Amino acid sequence: AAVQINSAVDVVFARYADLSGPAYLGYAIRLQQVPLAFIGIALSGAALPALSRAAKEGDFVRFREFLDAVTKRCCSLMVPATFLLLVAGGAMVNLLFARGEFGALSVAQTSTCLWGYALGTLPASMVFFLAGAFYARGNYRVPTVASMVSVGVNIALNAWFIFVLDMGAASVAIATSISA
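Residues numbered from 1 in each chain as written. Predicted model: local features only at pLDDT ≥ 70, side-chain atom pairs only at ≥ 80, totals over all residues. Heavy atoms only, no water.

Undergrad: Just to check I follow, could you spell out the packing of aromatic side chains for this structure?
TA: The description of an aromatic ring pair rests on the distance of the ring centres and on the angle between the ring planes. By the definition in use, this model includes eight aromatic pairs. On the basis of an interplanar angle of 45 degrees and a centroid distance of 5.8 Å, the ring pair of Phe97 and Phe102 is categorised as tilted. We note that Phe97, like Phe102, is buried. Aromatic rings pair up to connect Phe13, Tyr16 and Phe163 into one cluster. (Phe/Tyr/Trp six-rings, centres within 6.5 Å; stacked < 30°, edge-to-face > 60°. Buried < 20%, exposed > 50% of the residue type's maximum accessible area, 1.4 Å probe, protein only.)

Undergrad: Looking at this structure, how should I read the layout of surface pockets?
TA: Unoccupied space between atoms shows up once a probe the size of one water molecule is rolled over them. For the largest pocket, the calculated volume is near 950 Å³. In this structure, the largest pocket is lined by 33 residues; those nearest its centre are Ala2, Val3, Ala124, Val127 and Phe128. Put simply, the parts of the chain that give the lining of the largest pocket at least two residues each are helix H1 (2-17), helix H2 (21-57), helix H5 (121-136), helix H6 (141-164) and helix H7 (170-179). The element best represented in the lining of the largest pocket is H5, accounting for nine residues. Residue classes in the lining of the largest pocket are distributed as 20 nonpolar, twelve polar and one charged. (1 Å grid on protein atoms, 1.4 Å probe; cavity = no way out; pocket = protein on both sides within 12 Å on 5 of 7 lines; lining within 4 Å. Points joined across faces, edges and corners; volume = space filled by probe spheres on them. Helix = DSSP H or I, 4+ residues; strand = E, 2+ residues; numbered from the N terminus. Nonpolar A, V, L, I, M, F, W, Y, C, P; charged D, E, K, R; others polar.)

Undergrad: Where do I start with the nonpolar core in this structure?
TA: One broad rule of soluble globular proteins: the nonpolar side chains tend to lie buried together. Ranked by size, the top nonpolar core spans 22 residues in total, and within it Leu25, Val93, Cys113, Leu114, Tyr117 and Val172 carry the most contacts. If you list the elements that add at least two residues to this core, you get H1, H2, helix H3 (60-97), helix H4 (104-118) and H7. Each residue touching Leu25, except ones within four places of it in the same chain, is listed here: Asp10, Ala14, Cys113, Tyr117, Ala169, Val172 and Ala173. Counting 17 residues, the second largest nonpolar core, distinct from the first, contains Leu43, Phe63, Ala81 and Phe129. (Core = buried A, V, L, I, M, F, W, Y, C linked by side-chain atoms within 4.5 Å. Contact = heavy atoms within 4.5 Å.)

Undergrad: Looking at this structure, how should I read H6?
TA: One turn of an α-helix holds 3.6 residues; hence residues three or four places apart share an orientation. Given a rise of 1.5 Å per residue, 24 residues ought to cover 34 Å, and the 33 Å separating the end C-alpha atoms of H6 matches this to within 8%. For H6, every residue scored as buried is listed here: Pro143, Ser150, Val151, Asn154, Leu157, Asn158, Phe161 and Ile162. Among the structural elements, H1, H5 and H7 are those in contact with the buried residues of H6. After H6 finishes, the residue Asp166 shows a positive phi value of roughly 55 degrees. (Expected span 1.5 Å × (residues − 1).)

Undergrad: Would you mind going over the confidence of the model for the chain with me for this structure?
TA: Detailed reading of the predicted model is not advised wherever pLDDT is low. When pLDDT is averaged across the chain, the result is 85; 99% of the residues are at 70 or more. Mean pLDDT across the secondary structure elements of the chain bottoms out at H1, with 78, and peaks at H3, with 90. (pLDDT = per-residue confidence, 0-100.)

Undergrad: Looking at this model, I keep getting lost on H1. Mind explaining?
TA: Compared with an ideal rise of 1.5 Å per residue, which puts 16 residues at 22 Å, H1 spans 22 Å between its outermost C-alpha atoms and is within 8% of the ideal. Taken together, the buried positions of H1 are Ala2, Asn6, Val9, Asp10, Phe13 and Ala14. Looking straight down H1, one finds that the buried residues subtend no more than 140 degrees of arc, so they occupy a single side. Each element contacted by the buried residues of H1 is listed here: H2, H4, H6 and H7. (Arc of directions from axis to C-beta.)

Undergrad: So what exactly am I meant to see when it comes to the pattern of salt bridges here?
TA: When their charged atoms lie close together, side chains carrying opposite charge are able to pair. Under the defined criterion, the tally for this structure stands at three salt bridges. The residue Asp59 makes a salt bridge to Arg62 at a minimum N-O spacing of 3.5 Å. Of the residues examined, Asp59 reaches a relative accessible area of 30% and is grouped as partly exposed. Taking relative accessible area as the criterion, Arg62 reaches 25% and is therefore assigned partly exposed. Residue Arg64 pairs with Asp68 through a salt bridge whose shortest N-O separation is 3.3 Å. Highlighted residues: Arg64 and Asp68, both in helix H3, separated by four residues, approximately one helical turn. Within the structure, one salt-bridge network assembled from shared partners comprises Glu57, Asp59 and Arg62. (Salt bridge = Lys/Arg side-chain N within 4 Å of Asp/Glu carboxyl O.)

Listed below in structure tokens is the structure:
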């Protein structure tokens with residue numbers, strides 16, 4: 001729910017920052033979602049049954065071992081993916097989108113948004129399986145509170161970056177990454 005609320009709020013703030021801000025964010029987040037889907041969601045889906053089974057059996061040593069293993073695997077895959085987005089993100093944006101009305105300015109702005117989103121790739125991917133781990137243990141309060149805090153932080157940072165510091169649409173991506 002927090003991701004959906006933050007995405008809706010981000011569009012509003014990006015529109016205030018730049019008329020084309022929502023488009024830049026939209027293109028950038030599609031590229032950030034590739035490693036999130038292939039790594040974060042995949043690891044979460046693979047780990048949840050084992051975590052749930054260990055929690056149901058009350059074997060919290062095994063639960064912790066599964067959680068540690070998933071965390072290590074996530075970090076070992078997402079850190080290079082994040083680095084790739086930061087180093088080659090501009091080239092990816094140029095290759096995939098630079099044609100027609102999507103010129104050099106659009107490539108530059110979308111790349112900057114992608115770099116902002118890339119900073120939150122590892123934390124965003126960890127949210128998938130950490131929330132699942134809490135749910136497996138029957139603890140719904142912590143993920144709920146974390147989601148509400150995430151939305152509040154995102155809104156506050158967006159307001160500060162856009163209205164106080166007068167930063168561009170990329171600041172919306174940075175706020176989203178920090179709130180992750």
